[in-house]
Amino acid sequence: MTYLALVQNGIAQGLIIGLAALSMTLVFAIARFPNAAAGDMLTFGGYAGLFAFNATGSLLATGLFAIIATALLSLAMYYAVFRRLAGRSSVSLLVASIGIGFMIRAVLGVSFGHGQLVFEIELTRPYIIGGIRVSPLDLKLALSALATLAAAFGILYMSSIGRQMRAVADNSDLARVSGIRSERVMAALWLLVGALTAVAGVMLGMATIVAPEVGWEILLPAFAAAIFGGIGSPIGAVAAGLILGVTQELSTPFVGFTYKIAVSFVVLCTVLVMRPRGLFGKAEAVR
Amino acid sequence: MDAYLAAIVSVTLIHVLLALGLTLQYGFTGLINFGMVGFFAIGAYTSALLALHGVPVVLSVTAAAVVAGVSAWPIGLASLRLRDDYFAIVTLGFAEIVRLALTSEKWLTNGVQGLSRIPPIYEGTGTAAAFIIVAILLAVTAAAIFLIHRVAYSPFGRIIAAIRDNEEAVQAIGKDPARFKIQVLIVGSALAGVAGALSAHYVTYIVPEQFMALTTFYVWVAVIMGGVGRVSGAVVGTAILMFFLEGSRFLGDFLPWISSVHMASIRIGVVGLALVLFTIYRPQGLMGDFTKR
């Protein structure tokens, strides 16, 4: 029973990590730098969701408002900073993304304080499915995450802009000479990234708390999942996120609660030593 | 006032040591070490624990350098053969894990209560003792600057600069870049370890909270402001940063409606803003080479 409960928690955590890792792997593959602001974008999504939830009380409104607000923030980040750094080394973009993350955290800290906020959702009686207790909220959150993932994969693999994104990820020079406008691709990328981190942030806020540092703590597991899944592989990022989430939860009886994050670090190092291209990545992308 | 001045200079010198370590790693070699604070913490705890068990401070600081350097070795092995940004992520994670371990392993580190009554660098009280401590820190910093100058203008220094500028070319002339990178990582981390040890003996108490990731990025801001790849840049950048950090403390006194918690947020925000603005508008820093970007 306890292990089943841990697996269930792990899947919830894994979906959050997977969403964050998906956003990370897309930026890594298309804009070509590790986006260290992703954690703080997630936090921003959580606060935006909380704002809408307190105003309306509806889960749908919460999700939509968080997605719109975070996508706009993400687009603003691109136009204000990342577009100006186009053509610079990935280090410059990485350092700038850390800076943006700090700024987001500072603004959230000054505006909402450092206290821990919670979504005050009424507890409902859990469903019993095949002997496992599942709370309706968890189920709704998991389904929303799956719907978000489905939408993201739909955009990536079934729309024209998604095809263009994948073309830029494969070979940006070739994409440019075939007439793909990189600015439109980048704008679409950052909107998508904002939406993904927003959903992850709202889920994280509902599962735990909303505080200025919560996103930063997801950053490392998300990086680990993006690399474990193989940079540039969307399905890999989600799969690795789920594996990491479940592994983290299952490890708690053995290593204790505080070392949960350490699990993703160990996985990260092991993957880098044994199979740096991850589960689904291409070998030439990692050197 | 004299004591206050001595305190600022001492803290600045300790941060200059960190900035020198990062200049060696990032400025000269191109290693993106986002885990400086991890090695700083390892140095601080190593030296503090040894000194609390009766080891003389000179030896415990040396041991801190060795332990911090050795702990960098596996990190380098795991990630320095891959893309630069992987190394950045691994070091970032490493520093977080170090802090977790310092918080959890109570038998060794006393957890969140930390270690107190660490023997100071120089026994004694009053202004005279404070100035002797400044002199000792100044001597260590001068030695580090001398060492880094010697490294930069040696054949080794030319190879690491070549690795930064064109790694393929270095491979083509038959050198193994990863080996050199690991050596640089170890030396720079040992320097961070010394800085941590001196900081522990200077403040005389340490808690895990002193070793947050923010410290790493203070050092990054200092190096980027001062000028990447310049020893003078590391010194000037750190001085400017310390001026700002101390200034923000005074600002708190003048603007009482800003609480200390808010001030902490504002400090993080200003560090973030500095990182973004310098990356966009002045990537070569204040002391950097103005002819190239």
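Residues numbered from 1 in each chain as written. Chains lettered and ligands numbered in written order. Predicted model: local features only at pLDDT ≥ 70, side-chain atom pairs only at ≥ 80, totals over all residues. Heavy atoms only, no water.

Caption draft 1: Molecular detail of the overall build of chain A. For chain A, the count of helices and strands is eleven helices and two strands. In chain A, the order of α-helices and β-strands from amino to carboxyl end is α-α-α-α-β-β-α-α-α-α-α-α-α. On C-alpha atoms alone, chain A measures out to a radius of gyration of 18 Å, which is about the 19 Å that the 2.2 N^0.38 rule sets for 287 residues. Based on the C-alpha atoms only, the size of chain A along its principal axes is roughly 60 × 45 × 35 Å. When the 287 residues of chain A are sorted by exposure, 55% land in the buried category. A fraction of 77% describes how many contacts in chain A between residues 6 or more apart in sequence connect residues 24 or more apart. Only carbon and sulfur atoms are counted for the fraction: they give 66% of the accessible area of chain A, which is about 12400 Å². With 18 positive and 11 negative side-chain charges, chain A shows a spacing of 10 Å between the two charge centroids. (Helix = DSSP H or I, 4+ residues; strand = E, 2+ residues; numbered from the N terminus. Rg over C-alpha atoms; globule rule 2.2 N^0.38 Å. Buried < 20%, exposed > 50% of the residue type's maximum accessible area, 1.4 Å probe, protein only. Contact = heavy atoms within 4.5 Å. Areas by Shrake-Rupley, 256 points an atom, 1.4 Å probe, with all protein chains shown as cover. Lys, Arg positive; Asp, Glu negative; His and termini not counted. Charge placed at Lys NZ, Arg CZ, Asp CG, Glu CD.)

Caption draft 2: Expanded view of the overall build of chain B. A tally of helices and strands in chain B yields twelve helices and zero strands. In terms of overall size, chain B behaves like a compact globule, its C-alpha atoms giving a radius of gyration of 19 Å where 293 residues would be expected to give roughly 19 Å. With respect to the three principal axes, the spread of C-alpha positions in chain B is 55 × 45 × 35 Å. When burial is assessed residue by residue, chain B has 55% of its 293 residues classed as buried. For chain B, contacts bridging at least 24 residues in sequence account for 78% of all contacts bridging at least 6.

Caption draft 3: Focus on the interface of chain B and chain A. With 43 residues of chain B at the contact, the number on the chain A side is 41 residues. Of the roughly 3600 Å² buried between chain B and chain A on both sides combined, carbon and sulfur atoms contribute 77%. For chain B, the biggest contributors to the area lost against chain A are Arg83, Tyr86 and Ile89 of chain B; these three give 17% of the whole. At the boundary of chain B and chain A, one finds zero salt bridges. Counting across the interface, chain B meets chain A through seven residue pairs in polar contact (both at pLDDT 80 or more). For the side of chain B that touches chain A, the secondary structure elements donating two or more residues are α3 (57-79), α4 (84-104), α10 (213-226) and α12 (260-281) of chain B. With 14 residues, the top contributor of residues to the side of chain B that touches chain A is α12 of chain B. (Buried area = accessible area lost by both parts, 1.4 Å probe. Salt bridge = Lys/Arg side-chain N within 4 Å of Asp/Glu carboxyl O. Polar contact = N/O pair within 3.5 Å; in protein donor to acceptor, adjacent residues only side chain to side chain.)

Caption draft 4: Seen up close, the side chain of histidine 15 of chain B. Along the polypeptide, histidine 15 of chain B turns up in helix α1 (residues 2-28). Excluding residues within four positions of it along the chain, histidine 15 of chain B makes contact with Thr238 and Met242 of chain B.

Caption draft 5: Spatial organisation of the environment of valine 221 of chain B. When you line up the elements, valine 221 of chain B lands in helix α10. What valine 221 of chain B contacts, discounting residues up to four positions off in sequence, is Leu241, Val271, Ala274 and Leu275 of chain B.

Caption draft 6: Geometry of the side chain of threonine 12 of chain B. In this structure, threonine 12 of chain B sits in helix α1. Judged by relative accessible area, threonine 12 of chain B falls into the buried class, the value being 13%.

Caption draft 7: Examining the environment of proline 177 of chain B more closely. Residues and elements named next belong to chain B. In this structure, proline 177 sits in helix α9 (residues 177-203). Given the relative accessible area of 2%, proline 177 is considered buried. In this structure, the C-alpha to C-alpha distance between proline 177 and tryptophan 73, residues 104 residues apart in sequence, is 15 Å.

Caption draft 8: Fine view of the packing of α1 of chain B against α10 of chain B. Residues and elements named next belong to chain B. In the contact formed by α1 and α10, the axes pass within 9 Å of each other and the chain directions differ by 70°. The orientation of α1 relative to α10 falls into the category roughly perpendicular. The hand of the α1/α10 crossing is right-handed. For the pair formed by α1 and α10, the contact residues are Leu18, Ala19, Leu22, Thr23 and Tyr26 on the first element and Val219, Trp220 and Val223 on the second. A class-by-class count of the residues in the contact of α1 with α10 yields seven nonpolar, one polar and no charged. (Axes fitted to C-alpha atoms, helices over the stretch in contact; angles between N-to-C directions. Parallel < 35°, antiparallel > 145°, perpendicular 65-115°, else oblique. Left-handed = near helix turned anticlockwise from the far one by under 90°. Nonpolar A, V, L, I, M, F, W, Y, C, P; charged D, E, K, R; others polar.)

Caption draft 9: Molecular detail of the packing of helix α2 (residues 36-52) of chain B against α9 of chain B. Residue and element names in this part refer to chain B. Between α2 and α9, the least distance of the axes is 6 Å, while the angle of their chain directions is 50°. With respect to each other, α2 and α9 are oriented oblique. Taken as a pair, α2 and α9 cross one another with a handedness that is right-handed. Contact residues: α2 offers Met36, Phe39, Phe40, Gly43, Ala44, Ser47, Ala48 and Ala51, while α9 offers Ser189, Ala192, Gly193, Ala195, Gly196, Ala197, Ser199, Ala200 and His201.

Caption draft 10: Highlighting the nonpolar core. Counting residues in hydrophobic clusters, the biggest one holds 189 residues, and the most contacted among them are Phe82 and Trp190 of chain A together with Phe34, Ile206, Phe211, Phe217 and Trp220 of chain B. Among the elements that take part in this core, helix α8 (residues 182-207) of chain A stands out by supplying 15 residues, more than any other. (Core = buried A, V, L, I, M, F, W, Y, C linked by side-chain atoms within 4.5 Å.)

Caption draft 11: Local environment of α1 of chain B. All names here are of chain B. For α1, which comprises 27 residues, the first-to-last C-alpha distance of 36 Å matches the rise-based estimate of 39 Å (1.5 Å per residue) to within 8%. At leucine 22, α1 shows its largest kink, close to 30°. With 19 of 27 residues buried, α1 is to be regarded as a mostly interior element. Trailing α1 by a residue or two, glycine 30 shows a phi angle of about 85°, which is positive. (Expected span 1.5 Å × (residues − 1). Bend = angle between axes of the 7 residues up to and from the residue.)

Caption draft 12: Spatial organisation of the packing of aromatic side chains. With the rule as written, the count across this model stands at 18 aromatic pairs over all chains. Between phenylalanine 40 of chain B and phenylalanine 211 of chain B, the aromatic rings sit 5.7 Å apart at their centres with planes inclined by 65°, giving edge-to-face as the arrangement. Here phenylalanine 40 of chain B is found in helix α2, whereas its partner phenylalanine 211 of chain B is found in the loop between α9 and α10, with 171 residues between them in sequence. Feature note: the residues Phe102 and Trp216 of chain A together with Tyr26, Phe34, Phe217 and Trp220 of chain B constitute an aromatic cluster, connected by ring pairs. Just above the ring of phenylalanine 180 of chain B sits the side chain of arginine 179 of chain B; from NZ or CZ to the centre is 5.4 Å. (Phe/Tyr/Trp six-rings, centres within 6.5 Å; stacked < 30°, edge-to-face > 60°. Lys NZ or Arg CZ within 6 Å of the ring centre and 35° of its normal.)

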